[in-house]
Structure formats: C-alpha cells, structure tokens
Amino acid sequence: MISSCSPKLWNCPTCRQRSILLNLLFVLFPMSRCVIPQANQEDLLHSFKSYSDVAMFHYTVPKEVFRATWQFAAFMDDPTCHPRKVYIHIKFGSYPVISTSNGIFLTNKSAKWNDDIVVRTTTSYQPKNVTVVPVYEPQPGDWFVAAYMSYWDERVQQQGLGHKCRYSIGTVALWSQIDNIKNIPINRPTRLRTTATTTYYKIYIPSGILSFRLSVWNCTFTLDSFRNIDKFCIEAMYLKGRVLPTSNHFHSTESKTLASNASYSFIESSPYEDSYYYLLIVSSSITEFNVKVDVTECPIRLTVERSFTEEYMDIASSFNSIIGTNTYEELIKHKWYYKETNASRFYNRDDVYQEKGKNEKSETDNQCIPRYQLVRVKHAETFSTVYLLQGKEWLSSKLILTDLVPMMTQFDILPLIDIGGTLDIGVHLEVKKLPSTHAVLVTMCVQRGRIPKLENLKSCQNGTLAINLSSLNKRNASLLIAYPQPGTWYIIILATCYTYGTPVPCQIEKMSILLNIHTRKCTFSDQSPCGNHGICQEIQKNILHYATCTCFKGYTGWDCTDISSTVSAISLISAMLLVMSNIFFVPAIYIAVKRKLYAEGLVYLVTMLFSSLYHACDQSDGQFCITKYEILQYSDFFSSILAFWVTLVAMAELPIAFVPLCHMTGVFIITFGMQRDRMCLISTSIPLSLGIIIPLLLQIFTHTYRIFQSKKCKKPSKRILLGLLFAITGLLLYSFIETEKNYQYVHSVWHIIMAISLIFLLPPAKSQHTTSLTNTSFNDDSESWNWKESYRIPTFAIIDQENRTIASN
C-alpha cells in the first residue's frame, strides 16, 4: 500500500530539502488508510501588488473523501535573505478573491462567497516550518490554492549585480478516501446492516427533485449480548449532501440518535440536485435498520412549447385554485414561503403511498412553480457567455411575471471555463398601465447548488444573494460575482403589488422583467472593464485562465474603486519629475551638434525622447502609452546603452574612417544583447566593457607614445575626470540605492547626472586644419599616399606630428 500511495518527489535542485519535507509529512500523518497524494512542484513567490503576482496551484479532490490535507513549505535560496510572511488562500471550485490589503474590497453591487481558508507561514532556508491544513468534509472537484508574500520596499536591482533573493513555495495534497459505499434506492424501503463502528451509505438525488425525506426506523442489534443493554441502537446519525460527514467534528452538523423502538426522519426541503447525499451511521455493535427515501418531484422545462405568456398564466391560475381561495393571506401560507417543507406530504408506509401516489403526484405537479433551464450561448471571446430562455425558434431574456406564483430559472457555470471571469446578473423591470396607487416590488434570490428560499415577501433566506426592484425608484439592478464557483445557479423571482404599503393582488395588464445573465472578463462594461483607474489583464498559467484588474494611481480593490490609497499630489509630481528629468539631455545635444558630433547628438535626442515616452507609459500603468509597453521599454534600454557607446567612441578620438565602423559594431552588439535579455547584467556590461576597453587602450597607447616623444608626463584633463566622477556616481545610485518607493526620485537624479556627465566627456571640437590634414593622410586616391610609410608610422604618430605643427604655427 505504501508504494502505491507514495508521493512523487519534487524535481528541483533542492530535492534534499523537499524529501525531508515529504518524510516529515508521512510522520505527521500515518497511513491507516490508503492516502492518495497529489504533489506539485514548487513555484516562485512574489510580493503582492496585483493578482498576476500570485502563485496559483490547482488540485482535483476525488469523490467520497472525508479529509483532504494540504502541506506547505516556503523557502528562500540563501540564509542571508530576509524571512518573509506568506499568505495562502485555499478555495473550492474557483479562484480566491484577493486584494492588496490582504482582505476583500468589493463595490456595493458585487458579491463574493466568503468560504476561503486563509493560513500564514514564513519563508526559511531549511524546511523547519511545515504548515499543515486539514480540511474535513471537502467537496469533490476542483480546489485552488493562491500564495503570495506581503509587500515590502524591494530594491530595484540589475540582474546579475549581486545576489537577488529567490523565494518559493512547495505544496503536497493528500486525500483520505472511503471505498465501496452502499447505495440506498429512492421510493423503496430497504433493510441495511452496519459493517463497522462508522458505516457510510449514499443516496443519489437526480435533477428535478423539489424535496426528499429520509426515514430511519426499526433498528435492532444483531448480537445477543447487546439486545438487553439499555443503550441507543444507533449512537449517531449524520446526513450531508455532496460530502462525507465526519463524526464528532466541529464541521459536522448536530448528530441524531435512535433507540430500538423509535424512528427519525431527515427532511431536505431544498436538496442538492444531481448529487449524492451521504448517511453516516455510528454504532458500537453491528445493527440492522430500515430506511426509505421519499421524494417530491418538480420537472425542469428546457424549452417553452407554447406562448410563454399564456403558459405562465395558466400555471398561475391552477396554482391559485389549489390554494382554495383568492385572498392574499392564504397565498403567502404556501410551502414556498416557509423554510421547511410540510412533512404531511411524505408517506412512509407502502400501502398509503401506493393508494395516494397517483393523486399526490398530480397535486405535486400543479404545486410546482414554473422552472426553466436557461440555455448557454458561448461567444468567441473568453468569458463572454450569455444565458437565455429558449423556445422552439427563438431565444429571449424576457420573463413574464405574476404575483400569484414565483418564477424560477437555473443556469450552469462550467468548471475551469467560466470561473475565471465575473458573473453579471442584471435585471430590468417593465410594468404597463400601473395604477397610480399601486407599486410593484420584485424580489430575486440567487443561490448556487440548491434552490433558494424566501423568508417573506421582501427578503431572501440567510446565506443567499438578493436583488430587489421597485416600480417607484429602482427598476434596474445588477449583481456581480467575482470568480463564480461552478455548478447550477438558481434564481427565484417573486412579484408583489402594494397599495399604501399593504400587499394586494396585482391589477396590472402586463408585468415582466428583462433578465440579462452573462459572464465578462472584469467588473464593469467591455469598453472600460476596470473603470477609469485600471486595466483588465488576462492571466494564463497552464490550464488556468482568469482575468483581473490591475489598478494604477494608487487605486486598489477588486474593481479599482478604493480611493483610500490614491496617489497624493507629491507622488504625481515625482512621477512628472521622472519624465521631465530627461530635459537635461538638451545641453549635451546642443554641445554635440556645436562640436559637429552629429551622430552623438542624434543618439542623445532619441534617448531623451524614448526615455520620456517609456516612463510616461510605465508610471501611468499603460494609460499614456503611444505603443506597446514592450516596444517602449526596448527602445529606452537600447538607446541608453547606445548613448554610452557613442560617447566612449567619441572620447577615443579615433580616425574618422574608423568611427562609423565602431558605431555599427556597437549597434549589432547592443541589439543582440537586448533581444537576448534586456534585464540581464551581461546584456549591459558587454557593450559597455568593449566601449571602454577599446578606446581606453588606444588612449593609453597614444598617451604613452606622446610622453615618449615629448619626454613630459601630461596629466589627465580635469574635464574628463569630472565627467567620469558624474558617471560613476550615477551608476552607484542606479545599482545600489534605487528601491521601489524611491524609484521616481533616484532614477530622476540618475537621468540628470548621466546627462550632465556627457557634457564633460564629449571631446573638444577639432580645428579645420587638423581635420583636413587627417583626411588627406588617409585618402587612398592621393598621390602622396605611401603605404610603406603608413605601415611604419603609426596613426597616433601622424596625429601627434599634426598637433606639433599646429602648435609651432
């Protein structure tokens, strides 16, 4: 058993740590039953700024699992790294909804199922802390785990320049499963026998079941030693839908006991449909007992066969005749306005059930409220499904209402496909010829998994989502559900008429609603899915696909409407400073053009423009981007490094014939490095190193030759030293001082210092005589060209001779 259930090791460089973790897990949880593991490789952790920073894991919990156990271990790759807090969200069915404040912020039009399991852990270099999260009675299906670190002021560091801490998280999930659970049929009495202290049974409830009743009676001991003992035959009974109930645990409902001569009935007035219910029997001895499941059916209508208005009004009339009177007080006493179903409608004995079965079925069919399955219409774009009422030749979102009977619709949210967007339930009330003294109130109750219940005429039962409409002041309403859980969603709709606050029968010619149910990527309309302060971003991680709002200007919240952290005026000024600091390139451009260094001046101009456009796009989170963000980033990085290159080439004062060659060489080297990895230190250091080494060697060689000829040691120019001092200071600020919080200020200073350094590093203008003489000396067509003499005399000797001639003149 152990070999078949042993987990897979993580395939990573730190497998030793991971194997220690797995061994520890099996020590903590000895396998009394076969534990089926589902292991995931580790994923990187990031500080949470937006949902794209979240590490997401997906699990599939099998059916009939009574306990799922998750284990988490957070790591850092170096003992010198600072330990960070890690937040872990576990949720069934769909992705957890997370905000930057480690809480949930939704508008008053939004809703969320608050069933996340949130735990915390801390990163460590060795697997000292293992966070174990047992979940009892887990629902079968998809489970999602989202992990992220708390935000801190992270240093902006060039890749490859020093060690950058790497944080990661590893997870393992294990299931404790029960096999061979016996099935209990419906509408037929059955004699059962327990096989252990705790024995499970299951009942399948198909679709179209309004309610059911599970009766247990005639319990007896099978062992003689237990027959005369004054104790309960069944010590505890639990009944739960979709999940295996666990005995004596705080997640379970209150248990029921049963004596030998007693009986008990579980009544589910709004059961999970197309699902299994599980019965747990706890007994110290092997016992036998009778069970029977009685159901009340209400058919689901997939299409509207006749005119929808006529059919609905016919149902309302038959419903009214069943009540027996036209008074409104009698109507609200119907079972749909109670939490529990009337127990007298169930029959436990076969003779009574057979005698009244036919009449009861006919009465049940008449008492079922109209119930329609909405058809799913899928569009080409992601998260763009629409749900409509289907006829033979039409699709419609219009529902005819009456105050005599509620209306019910249902639709399906598919797992993995629909859960990554936002479910939008919009409704509009239409009333024709409404008397002046009348007002119409429409109450809508929304619930996933089971049919919702009405508390009274105005409110829904606790635990359900509600939408209220009024003909007086609210004819439009909407409900937004971020990352809806999969399954069948039900909507109960009830219309009520009032006169001076008193409910009365409606005297309206026609009353209807337009029910607009669809999924969308983010919160708001397709034109502006995240409002005016964010953009909707789609995230694809393996089979997981979801959309989220990325906010800017300090706005937070799921829909970027939380203004508690909006950017102050000082922050806006600092962002403007980052863009406007590039104006300090203007003096360098002017000096380059004045000294006839036109190529260098053009590069400085392009660098100034692309740096301004890139930072304007970056600081506005895409709001002021003239083109794609990646294009602007590439252009800024490329032009910045190219500006260093052409400056170093100009400082070398090479013969003019070699300058274009050096410029094009730098273009090819920088282009290759930027395409390979523009964030890597190698992509920046290689062209800068070549640009420094080649001119530096030539300068040293030339300077040494001049000292040898003149026999005098010439000190370096103060102008060059001052320029190098500015450049080194800027590089130190860029490499070691910059953080995310001071980025605007430090990077602006970096722009200013590097632009000023160019003024001192650019070489002085050459005189006209020197330029002409140099050009003549290297003209291939000149008769004075002597290849042997040029071969013997180095270039720097010719330049030195020219300088002496000019000095003597």
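Here the structure is a predicted model, which is why all the values come from computation and not from measurement.

1. Observations regarding the pairing of strand β8 (residues 141-149)
- Of all the nine residues making up β8, eight are buried; the element is thus mostly covered by neighbouring parts of the structure.
- Two elements, strand β2 (residues 55-61) and β8, share seven bridges in a ladder whose sense is antiparallel. Residue Ala-55 lies in a different strand from β8, and its bridge partner there is Ala-147.

2. Here we look at the side chain of Thr-194
- Within the secondary structure layout, Thr-194 lies in the loop between β11 (190-193) and β12 (198-205).
- What makes Thr-194 buried here is its relative accessible area of 2%.
- Separated by 2.9 Å, the side chain of Thr-194 and the backbone nitrogen of Thr-287 make a polar contact.
- Excluding anything up to four places from it in sequence, Thr-194 contacts Thr-199, Tyr-201, Ile-281, Ser-285, Ile-286, Thr-287 and Phe-289.

3. Section: the pattern of salt bridges
- Inspection of the entire model under this criterion finds eleven salt bridges.
- Here Arg-191 ties to Glu-288 by a salt bridge, and the two come within 3.6 Å at their closest N and O atoms. Separated by 97 residues along the polypeptide, Arg-191 in strand β11 and Glu-288 in strand β18 (residues 287-297) bring together distant segments of the chain.
- Under the relative-accessibility criterion, Arg-191 is labelled partly exposed at 34%.
- Residue Lys-292 pairs with Asp-294 through a salt bridge whose shortest N-O separation is 3.4 Å.
- Judged by its relative accessible area of 1%, Lys-292 falls in the buried class.
- The exposure class of Asp-294 is buried, given its relative accessible area of 1%.
- Each of Arg-191, Arg-193 and Glu-288 takes part in a single network of salt bridges with overlapping partners.

4. So, the state of the cysteines
- Under the counting rule described, the total for this entry stands at seven disulfides.
- Across the disulfide from Cys-497 sits Cys-506; the S-S distance is 1.7 Å. Residues Cys-497 and Cys-506 share a disulfide whose torsion about the S-S bond is about 105°; that sign makes it right-handed. In this pair, the class of Cys-497 matches that of Cys-506, namely buried.

5. Section: the pairing of strand β28 (residues 476-482)
- Counting buried positions along β28 gives five out of seven residues, so the element sits mostly inside the fold.
- Judged from the seven bridges that link them, strand β25 (residues 422-432) and β28 form a sheet pairing that is antiparallel. Each bridged residue has a counterpart across the sheet, and for Asp-424 the counterpart in β28 is Leu-480.

6. Observations regarding unusual backbone geometry
- Positive phi, close to 55°, is recorded for Asn-218, a residue that is not glycine.
- Position of Asn-218 among the secondary structure elements: in strand β13 (residues 209-221).
- Positive phi, normally seen in glycine, also occurs at Tyr-500, with a value near 55°.
- Summarising the element assignment, Tyr-500 is placed in the loop between β29 (487-499) and β30 (502-504).
- Tyr-500 sits in the exposed class, given a relative accessible area of 73%.

7. A closer look at the environment of Lys-433
- Tracing the backbone through its elements, the reader meets Lys-433 in the loop between β25 and β26 (438-448).
- Between the C-alpha atom of Lys-433 and that of Ile-508, which follows or precedes it by 75 residues, the distance is 6.4 Å.
- Not counting chain neighbours up to four residues away, the residues in contact with Lys-433 comprise Ile-508 and Glu-509.

8. Focus: the environment of Val-427
- Mapping Val-427 onto the fold places it in strand β25.
- Between the C-alpha atoms of Val-427 and Ile-517, which are 90 residues apart in sequence, the distance is 8.4 Å.
- Excluding residues that lie within four positions of it along the chain, Val-427 makes contacts with Met-444, Ile-467, Leu-469, Arg-475, Asn-476, Ala-477, Ile-513, Leu-514 and Leu-515.

9. Considering the sheet that holds strand β16 (residues 263-268)
- Overall, antiparallel pairing links the four strands, which are arranged β11-β18-β13-β16 in an open sheet. The strands lining the two open edges of the sheet, one partner per strand, are β11 and β16. Between one strand axis and the next, the sheet turns by 25° as a mean value, whatever way the strands run.

10. A short note on the sheet that holds β2
- Reading across from one edge, β2-β8-β4-β6 is the order of the four strands in this open sheet, with antiparallel pairing throughout. Both outer strands of the open sheet, β2 and β6 (117-122), are each paired with one neighbouring strand and no more. Sheet twist, expressed as the mean angle between neighbouring strand axes with direction ignored, is 20°.

11. Brief notes about the confidence of the model for the protein chain
- Mean pLDDT over the protein chain: 75, with 69% of residues reaching 70 or higher.
- Per-residue pLDDT, averaged within each element of the protein chain, yields its smallest value for helix α1 (residues 2-5) (34) and its largest for β12 (95).

12. Observations concerning the packing of aromatic side chains
- Summed over the entire model, instances satisfying the criterion amount to 21 aromatic pairs.
- For the pair Tyr-95 and Phe-144, a centre-to-centre distance of 4.6 Å together with 55° between the ring planes defines the contact as tilted. A residue pair is termed long-range when its members are at least 10 positions apart, and Tyr-95 in the loop between β4 (85-92) and β5 (110-111) and Phe-144 in strand β8 qualify at 49 residues.
- For Phe-144, a relative accessible area of 0% puts it in the buried group.
- With centroids separated by 6.4 Å and ring planes inclined at 75°, the aromatic side chains of Tyr-483 and Tyr-546 adopt a geometry described as edge-to-face. Of the two residues, Tyr-483 is situated in the loop between β28 and β29 and Tyr-546 in strand β33 (residues 544-551); the sequence distance between them amounts to 63 residues.
- Classification of Tyr-546 as buried rests on a relative accessible area of 0%.
- The rings of Tyr-51, Tyr-95, Phe-144, Tyr-483 and Tyr-546 are connected pair by pair, giving a single aromatic cluster.
- One residue, Lys-202, lies across the ring of Tyr-276, its end atom 4.9 Å from the ring centre.
- Across the ring face of Tyr-272, the terminal group of Arg-450 is positioned such that the distance to the ring centre comes to 4.4 Å.

13. What to know about helix α10 (residues 629-652)
- Taking 1.5 Å as the rise per residue, α10 with 24 residues should run 34 Å; its terminal C-alpha atoms sit 35 Å apart, in good agreement.
- Burial of α10 is extensive: 19 of the 24 residues sit out of reach of the surface.
- Backbone geometry just after α10 places Glu-653 at a positive phi near 50°.

14. Observations concerning the environment of Cys-233
- Take Cys-233: it is sitting in the loop between α3 (224-227) and β14 (234-241).
- Cys-233 sits 55 residues away from Glu-288 along the chain, and the two C-alpha atoms are 9.0 Å apart.

What counts as what
- Residues numbered from 1 in each chain as written.
- Predicted model: local features only at pLDDT ≥ 70, side-chain atom pairs only at ≥ 80, totals over all residues.
- Heavy atoms only, no water.
- Buried < 20%, exposed > 50% of the residue type's maximum accessible area, 1.4 Å probe, protein only.
- Helix = DSSP H or I, 4+ residues; strand = E, 2+ residues; numbered from the N terminus.
- Pairing = 2+ DSSP bridges.
- Polar contact = N/O pair within 3.5 Å; in protein donor to acceptor, adjacent residues only side chain to side chain.
- Contact = heavy atoms within 4.5 Å.
- Salt bridge = Lys/Arg side-chain N within 4 Å of Asp/Glu carboxyl O.
- Disulfide = S-S within 2.5 Å.
- Axes fitted to C-alpha atoms, helices over the stretch in contact; angles between N-to-C directions.
- pLDDT = per-residue confidence, 0-100.
- Phe/Tyr/Trp six-rings, centres within 6.5 Å; stacked < 30°, edge-to-face > 60°.
- Lys NZ or Arg CZ within 6 Å of the ring centre and 35° of its normal.
- Expected span 1.5 Å × (residues − 1).

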